[in-house]
Amino acid sequence: MHTLQNVIFPKLDGCTEESLYFRLNDRAQYCYEEQAITLSPGGEANFNTYFNQFSVNRWGRFTDMQDIALELHYHGAGNLSVEIDLENHSPRIVCQQQLSSTEQSKVIIELPKLTDLEAGLVSLKLESKDHLKMLGARYVTPTPAVRPVKLGIVITAFRRDANVIAATHRLHRDLLDNTHYREQLALTVVDNGSTLNDSDLPGSCKLIPNRNLGGAGGFSRGLYYYKEEREDITHCLFMDDDASCESESIIRTLALLSYSNQGDTAIAGAMLLERLAWKQHESGAYFNMRCVPLKTELDLRAPGDLRENDRISPFGYGAWWYFAFPLGQVEKYPFPFFVRGDDVLFSMTNIFRLVTLNGVASWQDSFLGKRSPLTLYLDMRSHIYHYVLADRLNFSVFRIMVMFWHFFLKHNLSCHYGSAMAQCVALEDTMRPPAFWVDNIDMSNKRDELSILLDKEKPGELSDASGTIYDRADEPFLRKILRGATLNGHMLPRILFKSAVTIPKTPGMLRAGSFAAKTVYVDCLDEKSIYTLRHSKLDFFHNLARATQLSIRFVLHSRSLKSRKEELETFMTAEFWQQQCNIDKQSGNA
């Protein structure tokens, strides 16, 4: 039998949000040390959860498989039910079997063929008659894989050595030292900080020192290694440097790719929030003048949200916290954005069939806390270049200007003058000759240039906040009219202003909360920090004038920008990254 998906349990060195794995009544208990569930008489264990449901929808759509079964390891007596959860229906029992064994046993229960099952979520449920112990389970098939897959994992690291060391040793323990998977996997760390040694990592992991060229350069170096220097790797997986995912995510990735009915299939991992492990930020996303996450804010503990999450929705790119793709489909390497937007453009300039799969996910910090003038600068310049370089987006000066002014005004009106000016700098930089990208590939000079803007929104201690707190979600209509008529207070005399206000850093609150306040304290919430803004009519109108001037220049310059596409595409080649990463073509060494 071939494994499609294991039923997994929470671990003390990983996620312990048990409702993502199982639902137990008060007569069932899970032991972390044993990795087993014990059910007393009347105990119930239900696995209709994010990590342990089997998606008929996805396996039926993206593979041609028919035969599946459930394998259970247990001892004791009870009842095993396999249920399917459908939209607008109560769960329906697909098959059932009585369990009875005084010693450790295995039972395999065949499920209906995939084409005979409705598109829903299959899960198992255990009920104890006497004492029952569940030791493990998996979904299997007798059908051999339809395509060979050897997955090369790339982790790009920059001076987060403890995270990388822990992640690589965990992946070695769970996968690369496992006889079932070691022949299907390779692991490489690209060290942009040059702070790791071979002795820090397990023997199964290759270490490649690299210039600090950001995520774009690090992942390009790893891609080059697997695509140009090795002949045995069929697929590549980009992962963050803490590899904050279940190892099972990689097992499911291997399985779906091995049975996929199209060779261009790529798997995008969902993003769950590190601080709220049950909350999903994104499962697939697309670009339309900004990055739009799909299936956001879902509570993955809730059955209704799990059904919503299982709906197949087309999307435009896979983010690089977890993105597995076939090397044979790669025609263009990443563009040297350093960070931010490189993953978006990579998906839009190569032909992949993008899919998601429940249980394939990575836990990450919220993007909201990372937002700064530097990240907004990086976002704006990459957003503009998506329209220049991605054929599937029609180059439109109008759309670019709408996009620029939306983000510029959002920040300039809310007293984020540093962020607003950073976006002006980005707009100006997109008009520079192509050599700009090579000259600033490591961002060192640009970071120095932007440092004065970063200081304007630098986080400080939470205790620094004072003044009234504004967190109203239901702003009065007349107040909205007044804000709009006075450019969010920038046309009002300061004598009418309150001295200080504290507002949460949440979407929609920044402009409303900063209205007519001399000092604005922005609470970064989960980050436990705060930054201070000062209302300034001088900065506001200076930025407005600069944005207007640059917009006129951009409109006049737009035709020449589009004509540079062919030259800019030379930065998306193996030869370009071979030169930038100082790779010796004969030896492959950096």
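Residues numbered from 1 in each chain as written. Predicted model: local features only at pLDDT ≥ 70, side-chain atom pairs only at ≥ 80, totals over all residues. Heavy atoms only, no water.

1. Considerations on the overall build of the protein
Helix and strand counts for the protein come out as 16 helices and 27 strands. Over its C-alpha atoms the protein spans a radius of gyration of 26 Å, differing by no more than 12% from the 25 Å that the globule rule assigns to 590 residues. Overall, the protein is about 80 × 65 × 45 Å in size when its C-alpha atoms are taken along their principal axes. Every one of the 590 residues in the protein was classed for burial, and the buried ones make up 57%. Summarising the internal contacts of the protein: among those between residues at least 6 apart in sequence, 75% fall at separations of at least 24. By element, 50% of the accessible surface of the protein is carried by carbon and sulfur atoms, the whole surface being about 24600 Å². Both charge centroids of the protein, one from 65 positive and one from 71 negative side chains, sit 7 Å from each other. (Helix = DSSP H or I, 4+ residues; strand = E, 2+ residues; numbered from the N terminus. Rg over C-alpha atoms; globule rule 2.2 N^0.38 Å. Buried < 20%, exposed > 50% of the residue type's maximum accessible area, 1.4 Å probe, protein only. Contact = heavy atoms within 4.5 Å. Areas by Shrake-Rupley, 256 points an atom, 1.4 Å probe, with all protein chains shown as cover. Lys, Arg positive; Asp, Glu negative; His and termini not counted. Charge placed at Lys NZ, Arg CZ, Asp CG, Glu CD.)

2. Here we look at the pattern of salt bridges
Tallying each qualifying case throughout the model produces 29 salt bridges. Among the ionic pairs, Asp13 bridges to Arg173, the shortest N-O distance being 3.4 Å. Here Asp13, found in the loop between strand 1 (2-7) and strand 2 (23-24), pairs with Arg173, found in helix 2 (residues 161-176); they are 160 residues apart in sequence, far enough to count as distant. Among the salt bridges present, the one from Asp429 reaches Arg432, with a minimum N-O distance of 2.7 Å. Linked through salt bridges whose partners overlap, the residues forming this network are Glu428, Asp429, Arg432, Lys446, Glu449, Arg546 and Arg553. (Salt bridge = Lys/Arg side-chain N within 4 Å of Asp/Glu carboxyl O.)

3. As for unusual backbone geometry
Even without glycine at this site, Arg340 takes up a positive phi of about 70°. Mapped onto the fold, Arg340 is located in the loop between strand 20 (322-326) and helix 6 (342-348). Residue Arg340 is classed as partly exposed on the basis of its relative accessible area of 24%. Not every positive phi belongs to a glycine, and Met443 is a case in point at roughly 65°.

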